[in-house]
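# Fold and geometry: a report
Chain by chain, the residues:
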Amino acid sequence: MTPRATKRVRHRRGLTKRRAVVGGIAALGMTGAALVTSTMMSSAGAATAWPEAKGEKPTSKTIEVSGTYDGGLKRHYGTGDLGGDGQDEGQDPIFKLKDGAVLKNVILGSPAADGVHCSGSCTLQNVWWEDVGEDAATFKGTSANSTYTVYGGGAKKADDKVFQFNGAGKLVVTKFQVSDFGKLVRACGNCSKQYQRNIIVNDVDITAPGKSIVGINTNYGDTAALRNIRIHGDSNKKIATCDRFTGNNTGAEPPKTGTGPDGKYCKFTASDISYK
């Protein structure tokens with residue numbers, strides 16, 4: 001087996017009966033729209049414990065997924081051309097998901113290259129990033145009807161973005177946990193092709209340090225709804241909740257125009273955010 005770079009590491013949580021029922025239903029094959037519906041109906045809960053890897057899977061070539069890929073909680077990490085863990089743009093991912101694909105029960109170790117790419121609607125279920133490379137996942141679908149669902153799992157050590165939203169449609173992140181990160185979700189501010197993007201972040205645990213939960217572009221009609229957000233270790237409230245930008249398609253740095261709830265683009269109230 002190819003030796004891999006020494007991993008940097010670090011996290012924790014408890015489970016209600018209702019959460020166990022929801023998780024069981026998901027494990028039986030609930031994906032896509034069904035998961036989105038469950039997301040908004042499920043009650044808030046604390047984060048689950050990080051899983052232990054059940055084996056190692058060195059990966060030298062992008063794994064393309066159509067249908068469902070169940071990783072059995074093996075730790076996948078890049079080797080060869082996928083062996084980088086820097087912030088260079090344009091890296092290849094460990095996984096590339098076709099429209100409608102499901103990736104579940106996967107741990108991405110270090111190096112993780114550019115994580116996961118979704119070419120269209122996709123579901124990431126119980127996926128864990130131990131040390132985010134360039135981005136954890138990038139969503140690239142071009143249809144306004146595309147839906148990207150992140151259900152459970154977590155990410156650590158993201159120097160910049162965890163989820164990069166380049167495409168069109170809706171992204172739903174629920175029962176997720178993140179620590180030591182830059183931005184949890186960023187709607188692309190300067191992609192050459194721009195779209196309206198809608199984001200829902202619900203029942204999520206966020207642990208400082210971090211910069212922002214969501215960043216959106218108001219000039220493209222983006223929206224972000226935050227519900228049941230628990231922020232840990234940020235008593236000074238330095239982590240921004242929802243940053244608003246004016247995006248462009250020229251590659252220029254987009255100017256920030258505001259932050260926090262505004263009732264139109266950043267849709268939440270103070271009661272949706274709790275500090276632990």
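So, here is what we can say about the structure in this document. (Residues numbered from 1 in each chain as written. Predicted model: local features only at pLDDT ≥ 70, side-chain atom pairs only at ≥ 80, totals over all residues. Heavy atoms only, no water.)

### What to know about the overall build of the chain
Quick reminder of the rule: Secondary structure elements follow DSSP: runs of H or I of four or more residues count as helices, runs of E of two or more count as strands, with numbering from the N terminus. The classification of residues rests on relative accessible area computed with a 1.4 Å probe and restricted to protein chains. Under 20% of the type maximum is buried, over 50% is exposed, and intermediate values are partly exposed. All accessible-area figures derive from a Shrake-Rupley calculation using a 1.4 Å probe, and residue coverage is judged against the displayed protein chains alone.
Helices and strands together make up the secondary structure of the chain, namely 2 helices and 19 strands. Looking at the chain as a whole, 55% of its 276 residues are labelled buried. Here the chain displays about 11700 Å² of accessible surface, and carbon together with sulfur accounts for 49% of that area.

### Topic: the environment of Ile 200
As for its position among the elements, Ile 200 is in strand 13 (residues 197-207). Overall, Ile 200 belongs to the buried group, its relative accessible area being 14%. For Ile 200 and Ala 225, which are 25 residues apart along the polypeptide, the C-alpha to C-alpha distance reads 4.8 Å.

### Side note on the side chain of Ser 212
By secondary structure assignment, the location of Ser 212 is in strand 14 (residues 212-217). Take Ser 212: its relative accessible area is 4%, and that puts it in the buried class.

### With respect to the nonpolar core
The line we're drawing: To define a nonpolar core, start from buried Ala, Val, Leu, Ile, Met, Phe, Trp, Tyr and Cys residues and group those joined through side-chain atoms within 4.5 Å. Pairs of residues are marked as contacts when any of their non-hydrogen atoms sit within 4.5 Å.
Ranked by size, the top nonpolar core spans 54 residues in total, and within it Leu 124, Trp 129, Phe 139, Phe 163, Phe 176 and Leu 184 carry the most contacts. For Phe 139, the residues in contact, after removing those within four places along its chain, are Cys 118, Cys 122, Leu 124, Tyr 148, Val 150, Phe 163, Gln 164, Phe 165, Asn 166, Gly 167 and Leu 171.

### Some points on the packing of aromatic side chains
Which entries qualify depends on this criterion: Between rings of Phe, Tyr and Trp, where Trp is taken as its six-membered ring, a pair exists when centres lie within 6.5 Å; planes separated by under 30 degrees are stacked, by over 60 edge-to-face, and by other angles tilted. Definition used: whenever NZ (Lys) or CZ (Arg) falls within 6 Å of the ring centre and also within 35 degrees of the ring normal, the charge is taken to sit over that ring.
A full pass over the atoms with the stated rule returns 9 aromatic pairs. A connected cluster of aromatic rings, assembled from ring pairs, spans Trp 129, Phe 139, Tyr 148, Phe 163, Phe 165 and Phe 176. Positioned over the ring face of Trp 50 is Lys 156, at 4.2 Å from the centre of the ring. When the ring centre of Phe 245 is taken as reference, the NZ or CZ atom of Arg 186 above it lies at 4.0 Å.

### Here we look at the environment of Ile 107
Structurally, Ile 107 is set in strand 5 (residues 101-108). Measuring from C-alpha to C-alpha, the distance between Ile 107 and Trp 129 comes to 6.0 Å, with 22 residues separating the pair along the chain. The residues contacting Ile 107, other than those within four sequence positions of it, are Pro 51, Glu 52, Ala 53, Leu 73, Lys 74, Arg 75, His 76, Trp 128 and Glu 130.

### Observations regarding the pattern of salt bridges
Rules: Salt bridge, as used here, is a side-chain nitrogen of Lys or Arg placed within 4 Å of a carboxyl oxygen of Asp or Glu.
What the rule picks out here adds up to 11 salt bridges. Here Glu 130 ties to Arg 75 by a salt bridge, and the two come within 2.8 Å at their closest N and O atoms. Linking Glu 130 in the loop between strand 7 (122-129) and strand 8 (137-139) with Arg 75 in strand 3 (residues 68-78), this pair joins segments that are 55 residues apart in sequence. A single burial state applies to Glu 130 and to Arg 75, both of which are buried. Salt-bridge contacts for Arg 244 lead to Asp 262; the nearest nitrogen and oxygen are separated by 3.5 Å. Of the two residues, Arg 244 is situated in strand 16 (residues 240-245) and Asp 262 in the loop between strand 17 (256-259) and strand 18 (266-267); the sequence distance between them amounts to 18 residues. Classification of Arg 244 by relative accessible area gives buried; the value is 13%.

### Some remarks on the state of the cysteines
Put simply, the test is: When two cysteine sulfur atoms lie within 2.5 Å, the pair is treated as a disulfide.
Per the counting criterion, the structure on display carries 3 disulfides. Disulfide pairing is shown between Cys 242 and Cys 266; the S-S distance is 2.1 Å. One disulfide, between Cys 242 and Cys 266, carries an S-S torsion of -70° and so falls in the left-handed class. A residue pair is termed long-range when its members are at least 10 positions apart, and Cys 242 in strand 16 and Cys 266 in strand 18 qualify at 24 residues. With a relative accessible area of 0%, Cys 266 lands in the buried category. By sequence-ordered numbering of the bonded cysteines, the chain has its disulfides arranged as 1-2, 3-4, 5-6.

### Focus on the pairing of strand 3
This is how the line gets drawn: Criterion used throughout: strands pair if DSSP finds at least two bridges between them.
Direction of pairing for strand 1 (residues 56-59) relative to strand 3: parallel, over a ladder of 4 bridges. Opposite Thr 59, over in strand 3, you have Gly 78 as the bridge partner. Here 6 bridges tie strand 3 to strand 5, and the two strands are oriented parallel to one another. Within strand 5, the position partnered with Tyr 69 by the bridge is Leu 103.

Any functional reading would require information beyond the geometric quantities listed.
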